[in-house]
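Understanding the architecture of this molecule
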Amino acid sequence: MSAKNFLEEIIEADLKSGRHQRIVTRFPPEPNGYLHIGHAKSIHLNFGLADKYGGITNLRFDDTNPTTEETEYVESIKRDIRWLGYEWENEFYASDYFERLYEFAEKLIRKGLAYVDDSTSEEIAAMKGTPTSPGINSPYRNRSVEENLDLFRRMRAGEFPDGMRVLRAKIDMASPNMHLRDPVMYRIKHEAHHRTGTDWCIYPMYDFAHGQCDSLEGITHSICTMEFEVHRPLYEWFIEQLEIFPSRQYEFARLNLSYTVLSKRKLLQLVNEGHVSGWDDPRMPTLSGLRRRGYTPEAIREFCERIGVARRDNVVDVGLLEYCIREDLNRRAQRRMVVLSPLKLILTNYPEGQTEWLPLENNPEDASAGMREVPFSRELYMEQEDFMEMPVKGFLRMAPGRLVRLKGAYVVRCDDVVKDEKGAVVAVRATYLPETRSGGASEVKVKSTLHWVCAAHAVPVKVLLYDRLFQVEHPAAQDEPLHTLLNPQSLAIVEQAMAEPSLRQAAPGEYFQFLRKGYFTPDLTTTPDRPVFNRTVTLKDHWAAKQPAGAGS
RNA sequence: UGACCUGUGGUGUAACUGGCAACACGUCUGACUCUGGAUCAGAAGAGUCCUGGUUCGAGCCCAGGCAGGUCAACCA
């Protein structure tokens with residue numbers, strides 16, 4: 001491995017000093033939404049670190065808020081983590097610890113460090129002060145231990161309605177850290193929980209749950225994102241007052257990716273407002289969206305490795321993600337030929353009714369991928385953009401009088417074109433050079449090689465071409481409403497592309513490179529009668545990059 | 001007008017804990033190629049937010065600024 005990141009240095013120091021014999025990490029999602037690429041960074045860190053240093057990682061659902069959490073999300077989260085290739089040591093839920101947490105709360109009450117507050121949430125907010133001015137003590141702050149215990153037990157027993165009272169830690173209303181100004185520990189919610197049902201009507205807040213759960217599980221390194229840094233003094237305060245295993249919290253900067261958003265709220269908004277088809281729309285940065293788009297878990301893990309970890313704000317170029325998937329797919333994707341925008345190509349000197357089955361390699365990067373046979377005959381389809389009647393400077397492809405090679409077949413010479421009444425080119429006529437058949441020893445040199453599909457055997461397929469969802473590099477930093485920043489070209493639908501016959505059987509989970517066009521994968525909705533492919537990413541294309549905007553697809 | 005965190009090429013991370021800034025992506029050349037892909041070779045690009053200080057020597061230490069981020073949910 002390369003240079004160590006700051007978490008690895010901390011862990012190595014802890015191992016070396018004997019503070020820990022073995023490290024224990026955890027991935028703690030709240031089951032209220034789908035995982036995205038930002039979570040992948042966290043997963044990769046937590047599982048990766050434990051793996052590297054011979055420790056273990058628990059999966060713990062942070063389910064302390066019954067109003068937003070659902071079992072459906074639990075399942076999708078587990079599926080996504082496994083898909084990424086990680087397996088947890090234990091599957092836990094914060095709700096597993098509700099009884100222990102309750103006992104902890106009573107302990108703090110007995111120590112005079114927690115009290116029941118009858119103030120309304122508005123009053124509590126008002127007494128809290130602001131970041132620049134201190135708060136003031138609640139009138140209920142000095143209740144006796146007995147009264148607090150009694151009230152808290154009656155809260156649990158369901159004697160009070162939602163919002164009537166809360167349990168608060170008694171710390172310091174003048175602390176410069178807002179989180180230390182007598183934070184709420186428990187609130188009353190007469191609501192069914194996805195796991196504990198109606199056993200409870202009081203639920204612990206994040207701050208009174210997370211650290212103690214970490215501690216109960218013996219988590220040595222509790223790794224979270226920077227926004228929790230201000231919570232750390234409170235995290236430590238609870239552990240210290242409770243005199244329990246001292247888990248420690250470390251923060252890292254969350255991932256930002258260019259041309260997309262990575263916040264559950266904003267992603268949900270895209271779904272709700274109908275800008276995408278759902279959480280697994282292939283344009284979404286969710287793991288389910290990326291999977292459907294054709295991203296491999298290996299590529300995503302490689303991406304997570306390459307972006308590194310630090311504590312400063314960052315915006316990673318989505319180009320790096322694309323680099324990672326290209327690198328992976330180049331090695332493993334089978335090559336196929338598909339013409340996205342068909343133009344008839346007629347080989348005038350090729351015998352009518354004859355068909356040759358030509359061998360083409362499935363993957364030039366991997367000889368073990370073998371060969372396949374592809375039909376070839378007099379009438380073919382070629383790509384419209386591979387022909388120019390009046391070629392511009394630098395255009396290497398087909399034009400009148402030019403020789404080009406048809407991949408895996410023959411060199412052909414373009415003779416003339418067929419036009420419709422409006423003057424548009426509807427077909428290209430060419431002659432083929434029989435001696436230039438692939439695999440032979442022909443001397444003929446050409447400037448370019450084109451992909452093609454035999455017209456008589458072509459399978460019509462639907463192809464979905466995706467581009468970045470947003471047109472601005474950092475949409476999250478803009479003030480404008482989200483929908484005004486969307487890229488109107490993020491999805492282009494090709495209803496009828498022409499594919500070589502072997503693609504009819506393609507199933508989701510397979511990866512292909514459509515020669516010269518990019519990497520593609522069958523969509524979830526594909527059927528043998530109506531094959532549908534998603535474009536994962538284009539191939540790098542130095543020619544297209546130099547053309548005026550909008551020239552390529 | 002508070003506290004805390006952060007500030008290194010376009011982007012993301014490094015720099016043996018003080019010894020004249022490295023790697024990857026991107027960009028640009030060229031070679032090769034039956035994918036304008038891949039591969040190979042090479043180049044440009046920062047003097048480390050600013051100003052002082054300590055030191056033989058500072059991106060690393062100190063002081064003061066500046067800039068960005070975070071914090072005022074009975075969310076996590």
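Residues numbered from 1 in each chain as written. Chains lettered and ligands numbered in written order. Predicted model: local features only at pLDDT ≥ 70, side-chain atom pairs only at ≥ 80, totals over all residues. Heavy atoms only, no water.

**Notes on the nonpolar core**
Rules: Here the nonpolar core consists of buried residues drawn from Ala, Val, Leu, Ile, Met, Phe, Trp, Tyr and Cys, with membership extended through side-chain atoms lying within 4.5 Å. Residue exposure (1.4 Å probe, protein chains only): buried if accessible area is under 20% of the type maximum, exposed if over 50%, otherwise partly exposed. Here a helix means four or more residues in a row that DSSP labels H or I, a strand means two or more in a row labelled E, and each is numbered from the N terminus. Where each domain starts and ends follows an automatic or database-derived domain assignment. Note on contacts: a residue pair is in contact if any heavy atoms of the two residues lie within 4.5 Å.
By size, the foremost hydrophobic cluster in this structure holds 38 residues, and its most contacted members are Ile37, Ile43, Ile81, Leu84, Leu257, Ile300 and Phe303. When contributions to this core are tallied by element, the ones reaching two or more residues are α2 (37-52), β2 (56-61), α3 (71-84), α10 (287-293), α11 (297-307) and α12 (318-332). Each of domain 1 (6-254) and domain 2 (264-334 + 461-546) gives at least three residues to this core. Residues within four places of Ile43 in sequence aside, it is in contact with Phe27, Leu35, Gly48, Ile81, Leu84 and Tyr86. Judged by nonpolar contacts, the second largest core, of 37 residues, contains Ala114, Met185, Tyr186 and Ile244.

**Side note on the sheet that holds β2**
The condition that has to hold: Pairing between two strands is assigned when DSSP locates at least 2 bridges connecting them. Angles shown run from 0 to 180 degrees and are taken between the N-to-C directions of axes, each axis being a line fitted to C-alpha atoms and, for helices, limited to the stretch in contact.
Read from one edge of the open sheet, three strands run β1-β2-β3, paired in parallel fashion. At either margin of the open sheet sits one strand with a lone partner, and together these are β1 (24-27) and β3 (91-93). Strand-to-strand twist across the sheet, computed as the mean angle between neighbouring axes with direction ignored, equals 35°. Bridge count for β1 against β2 is four bridges, and the pairing is parallel. Bridge pairing links Arg26 to Asn58 in β2. Strands β1 and β2 of the sheet are contacted by α2, whose axis makes an angle of about 160° with β1.

**Some details on the domain arrangement of chain A**
Note the following rule: As used here, buried area is the combined drop in accessible area, with a 1.4 Å probe, of two parts when they are placed together. In the sections that follow, a salt bridge refers to a side-chain nitrogen of Lys or Arg positioned within 4 Å of a carboxyl oxygen of Asp or Glu. Residues adjacent in sequence count toward polar contacts only when both atoms are side-chain atoms; beyond that, a polar contact is any pair of N or O atoms within 3.5 Å, and within protein one must be able to donate a hydrogen and the other to accept it.
Segmenting chain A into domains produces domain 1 (6-254), domain 2 (264-334 + 461-546) and domain 3 (338-451). Once you take the C-alpha centre of each, domain 2 and domain 3 turn out to be 29 Å apart. The interface of domain 2 with domain 3 comprises 22 residues on the first partner and 25 residues on the second. Of the roughly 1800 Å² buried at the junction of domain 2 and domain 3 (both faces included), carbon and sulfur atoms supply 57%. The three residues of domain 2 that bury the most area against domain 3 are Met498, Arg516 and Trp543, which together make up 36% of that side's buried surface. The interface formed by domain 2 and domain 3 contains three salt bridges. Residue Arg516 pairs with Asp386 through a salt bridge whose shortest N-O separation is 2.2 Å. Across the contact surface, domain 2 and domain 3 share eight residue pairs in polar contact (both at pLDDT 80 or more).

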